[in-house]
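# Analysis of the macromolecular model
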Number of protein chains: 2
Amino acid sequence: MGKKTADHAERRPLTRELIVQTSIAIIERDGAKALTMRKIATELGVGVMSLYNHVPNKDELLAAVAESVLAGLDVPEREAGPDQDWKLHARAMAGAFRAVAHRYPRSMHLVLTSPAGRMAGGRTAERALALFAAAGFDAATAVNALCAFMSYMIGAQMLEEGALSMTGRPPEDHLDADAEIDLDEIPRVVELADELMRVDPDADFEYGLEMLLCALDRLPRGASKV
Amino acid sequence: MGKKTADHAERRPLTRELIVQTSIAIIERDGAKALTMRKIATELGVGVMSLYNHVPNKDELLAAVAESVLAGLDVPEREAGPDQDWKLHARAMAGAFRAVAHRYPRSMHLVLTSPAGRMAGGRTAERALALFAAAGFDAATAVNALCAFMSYMIGAQMLEEGALSMTGRPPEDHLDADAEIDLDEIPRVVELADELMRVDPDADFEYGLEMLLCALDRLPRGASKV
DNA sequence: TAAATCTTGTTTACGTTGTACGTAACGTGG
DNA sequence: CCACGTTACGTACAACGTAAACAAGATTTA
């Protein structure tokens with residue numbers, strides 16, 4: 001009957017969640033700047049404007065993508081209370097963040113980049129703050145610890161992504177014609193370039209994380225210090 | 001005579017550097033996504049395609065912007081050699097980075113975000129590596145220190161920028177209609193929201209920086225340990 | 001000197017983007 | 001039966017990046 005039912009995709013009822021998931025898939029496959037309303041539509045086998053029945057505009061769609069990606073940050077979350085080994089939980093949170101960052105690297109870039117993504121990270125910040133509070137930090141110190149913790153998380157992720165995009169790779173989503181002043185006047189960088197890319201990023205990350213956690217552990221704390 | 005000489009801008013001979021500077025001005029004034037080839041052209045009082053005589057395409061222009069912004073990172077740079085107070089130099093580098101980030105916040109966001117920007121940071125990485133080498137770290141440790149240092153720099157900057165964009169402000173370059181799940185289930189965050197925005201970001205930054213530097217100082221080092 | 005080439009800017013035009021608008025198929029309650 | 005809201009579709013438009021052809025001065029070459 002239907003003379004133009006989709007030929008290349010299953011015909012699910014086109015809900016908002018489906019649009020978001022398809023968007024994530026496209027971002028991971030073709031890069032963030034290749035995410036187009038028309039592309040989503042054809043991928044789903046529907047008209048372009050049909051998407052706007054479920055999503056008000058593209059920015060909101062990106063926000064929904066960010067939220068969906070961060071929704072995968074469900075670290076088991078123990079019960080609250082004084083915790084004598086708060087570093088273990090901090091490591092778990094960092095690991096969870098790292099896991100989703102590895103599963104959806106490009107979408108995670110979008111999350112870290114856009115202000116909507118930072119907003120969606122509110123719940124994660126909440127959990128981290130609870131953790132620091134349980135560790136015995138007072139309010140001001142907990143905020144400082146949270147800032148340092150998140151700074152390292154975000155920066156390390158973006159740094160690793162940038163380092164990976166530097167190592168040859170067929171440049172897919174970013175410009176490739178920027179080899180003009182390279183390798184000329186940065187002897188130490190090229191000398192240590194192999195060192196930079198030899199070390200697996202996970203080890204680098206863990207190294208800095210341990211350093212940060214130890215530093216945090218030396219901060220003044222309140223009652224629940226075991 | 002010229003019946004259509006520009007009325008709103010001086011008529012300099014339209015060099016590449018002028019285009020870059022105008023782009024930076026537009027980015028800082030109207031946001032990064034408002035930077036348009038046509039806008040640059042009208043701002044300079046020339047036709048759109050005239051720009052393409054000095055810049056191959058928009059991506060390269062953005063790369064040039066990134067490079068130009070990072071060119072302001074000229075920390076006085078002492079002579080190389082064993083340095084007994086390397087932390088002082090590290091603080092100087094952090095301060096220089098912070099200064100340009102405060103002078104061109106939106107352009108700096110572009111730098112941190114785009115891979116071209118990370119590339120342009122090569123010279124800065126070079127200097128930091130030299131610093132860590134002079135401090136007595138071996139190659140592997142210096143790379144680890146550099147990663148941690150840059151991670152904190154980048155993350156702290158993006159975090160501060162995100163925090164600033166959260167505090168009410170008339171949303172200029174980012175979406176504003178994302179108030180849906182806020183303030184409901186994040187009690188600790190809203191409880192400490194004022195704490196989060198009361199502390200001036202500089203103090204927060206210095207706090208984490210000192211922590212990081214002290215942690216780095218405890219890493220194993222070679223001969224030049226004073 | 002005159003011709004050829006390069007530089008610098010303009011004009012026109014094309015393809016792609018996000019999305020506003022009008023319309024048709026669809027169930028569901030009167 | 002109809003009116004109705006919800007959902008999907010096709011058309012249309014303004015703004016975008018930029019390729020191509022062209023014009024006019026500056027510079028080089030014969």
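- By the naming in an unreviewed UniProt entry, chain A goes by TetR/AcrR family transcriptional regulator and is assigned to Actinomadura yumaensis.

### With respect to empty space enclosed by the protein
- One pass over the full model with this rule turns up two cavities of 30 Å³ or more.
- Considering the residues around the second largest cavity, the lining is formed by Ala148, Tyr152, Gly208 and Leu212 of chain A together with Ala148, Tyr152 and Leu212 of chain B.
- Listed by contribution, the elements that provide at least two residues to the lining of the second largest cavity are helix H8 (139-166) and helix H11 (201-217) of chain A together with helix H8 (139-166) of chain B.
- Residue composition of the lining of the second largest cavity, by class: six nonpolar, one polar and no charged.

### Let's talk about the protein's contact with DNA strand C
- Surveying the vicinity of DNA strand C reveals 18 residues, the closest of which are Arg38 and Lys58 of chain A together with Gly47, Ser50 and Asn53 of chain B.
- In the model, a phosphate oxygen of DNA strand C is placed 3.3 Å from a nitrogen or oxygen of the proline 13 of chain B main chain.
- Here glycine 47 of chain B contributes a backbone N or O atom positioned 2.6 Å from a phosphate oxygen of DNA strand C.
- Per-class residue counts for the surface near DNA strand C are nine nonpolar, six polar and three charged.

### Side note on the nonpolar core
- If you look at the biggest cluster of nonpolar residues, it comprises 122 residues, and the most contacted ones within it are Phe132 of chain A together with Phe132 of chain B.
- Apart from residues no more than four positions distant in its own chain, phenylalanine 132 of chain B is found in contact with Trp86, Phe137, Ala142, Ala145, Leu146, Phe149 and Leu216 of chain B.

### Details of the pattern of salt bridges
- Applying the stated criterion across every chain, the model contains 16 salt bridges over all chains.
- A salt bridge links glutamate 160 of chain B to arginine 98 of chain B; the nearest nitrogen and oxygen atoms lie 2.0 Å apart. Here glutamate 160 of chain B, found in helix H8, pairs with arginine 98 of chain B, found in helix H4 (residues 86-103); they are 62 residues apart in sequence, far enough to count as distant. Each member of the pair, glutamate 160 of chain B together with arginine 98 of chain B, is buried.
- Where salt bridges share partners, they join Arg29, Asp30, Lys39 and Glu43 of chain A into one cluster.

### Overview of unusual backbone geometry
Residues and elements named next belong to chain B.
- Located in the positive-phi region is leucine 14, a residue other than glycine, with phi close to 60°.
- Looking at where leucine 14 falls in the secondary structure, it is placed in the segment before helix H1 (16-30).
- For leucine 14, a relative accessible area of 12% corresponds to the buried category.

### Digging into the packing of H1 of chain B against helix H3 (residues 58-70) of chain B
All names here are of chain B.
- Where H1 meets H3, the closest approach of the two axes is 9 Å, and the angle between their N-to-C directions is 80°. It follows that H1 is roughly perpendicular to H3 by the angle criterion. Residues Arg16, Glu17, Ile19, Val20, Gln21, Ser23, Ile24 and Ile27 of H1 form the contact with H3, whose participating residues are Leu61, Ala64, Val65, Ser68 and Val69.

### A short note on the UniProt feature "DNA-binding region" (unreviewed entry) in chain A
- Taking the numbering used here, the UniProt-annotated feature "DNA-binding region" (unreviewed entry) corresponds to residues 36-55 of chain A.
- Taken end to end, residues 36-55 of chain A is 40% helix and 0% strand, and its two terminal C-alpha atoms sit 14 Å from one another.

### Section: the confidence of the model for chain A
Residues and elements named next belong to chain A.
- With 69% of its residues at a pLDDT of at least 70, chain A reaches an overall mean of 78.
- Predicted confidence is poor over residues 1-10, with pLDDT under 50, and the contacts of this stretch with residues over four places away or in other chains come to seven contacts.
- In the predicted structure, residues 168-183 sits below a pLDDT of 50 and forms 19 contacts with residues beyond four places in sequence or in another chain.

### Looking at the packing of aromatic side chains
- This structure, assessed with the given rule, holds ten aromatic pairs over all chains.
- Over the ring of phenylalanine 205 of chain A we find arginine 98 of chain A, and its NZ or CZ is 4.1 Å from the ring centre.

### Brief notes about the side chain of serine 23 of chain B
- Looking at the secondary structure, you find serine 23 of chain B in helix H1.
- When its relative accessible area of 0% is taken as the criterion, serine 23 of chain B is described as buried.

### Overview of the environment of glycine 136 of chain B
- Within the secondary structure, glycine 136 of chain B sits in the loop between helix H7 (122-134) and H8.
- Note: C-alpha distance between glycine 136 of chain B and arginine 221 of chain B (85 residues apart in sequence) is 5.3 Å.

### Quick word on the environment of isoleucine 154 of chain B
- Looking at the element boundaries, isoleucine 154 of chain B is found in helix H8.
- On the basis of relative accessibility, which here comes to 6%, the residue isoleucine 154 of chain B falls in the buried class.
- On a C-alpha basis, the gap between isoleucine 154 of chain B and phenylalanine 97 of chain B in space is 9.7 Å, while along the polypeptide they are 57 residues apart.
- Excluding residues within four positions of it along the chain, isoleucine 154 of chain B makes contact with Gly155, Met158 and Leu159 of chain A together with Leu112 of chain B.

### Some remarks on the packing of H3 of chain B against helix H5 (residues 105-113) of chain B
All names here are of chain B.
- Two elements in contact, H3 and H5, have axes whose closest approach is 9 Å; the angle formed by their N-to-C orientations is 115°. Regarding the angle of H3 to H5, the classification is roughly perpendicular. As H3 packs across H5, the resulting crossing turns out to be left-handed. Touching Leu62, Ala66, Val69 and Leu70 of H3 are Ser107, Met108, Leu110 and Val111, all from H5.
- In terms of residue class, the contact of H3 with H5 is made up of seven nonpolar, one polar and no charged.

Cut-offs used in this document
Residues numbered from 1 in each chain as written. Chains lettered and ligands numbered in written order. Predicted model: local features only at pLDDT ≥ 70, side-chain atom pairs only at ≥ 80, totals over all residues. Heavy atoms only, no water. 1 Å grid on protein atoms, 1.4 Å probe; cavity = no way out; pocket = protein on both sides within 12 Å on 5 of 7 lines; lining within 4 Å. Points joined across faces, edges and corners; volume = space filled by probe spheres on them. Helix = DSSP H or I, 4+ residues; strand = E, 2+ residues; numbered from the N terminus. Nonpolar A, V, L, I, M, F, W, Y, C, P; charged D, E, K, R; others polar. Near = heavy atom within 4 Å. Polar contact = N/O pair within 3.5 Å; in protein donor to acceptor, adjacent residues only side chain to side chain. Core = buried A, V, L, I, M, F, W, Y, C linked by side-chain atoms within 4.5 Å. Buried < 20%, exposed > 50% of the residue type's maximum accessible area, 1.4 Å probe, protein only. Contact = heavy atoms within 4.5 Å. Salt bridge = Lys/Arg side-chain N within 4 Å of Asp/Glu carboxyl O. Axes fitted to C-alpha atoms, helices over the stretch in contact; angles between N-to-C directions. Parallel < 35°, antiparallel > 145°, perpendicular 65-115°, else oblique. UniProt positions renumbered as here; feature names shortened; annotations may be inferred. pLDDT = per-residue confidence, 0-100. Phe/Tyr/Trp six-rings, centres within 6.5 Å; stacked < 30°, edge-to-face > 60°. Lys NZ or Arg CZ within 6 Å of the ring centre and 35° of its normal. Left-handed = near helix turned anticlockwise from the far one by under 90°.

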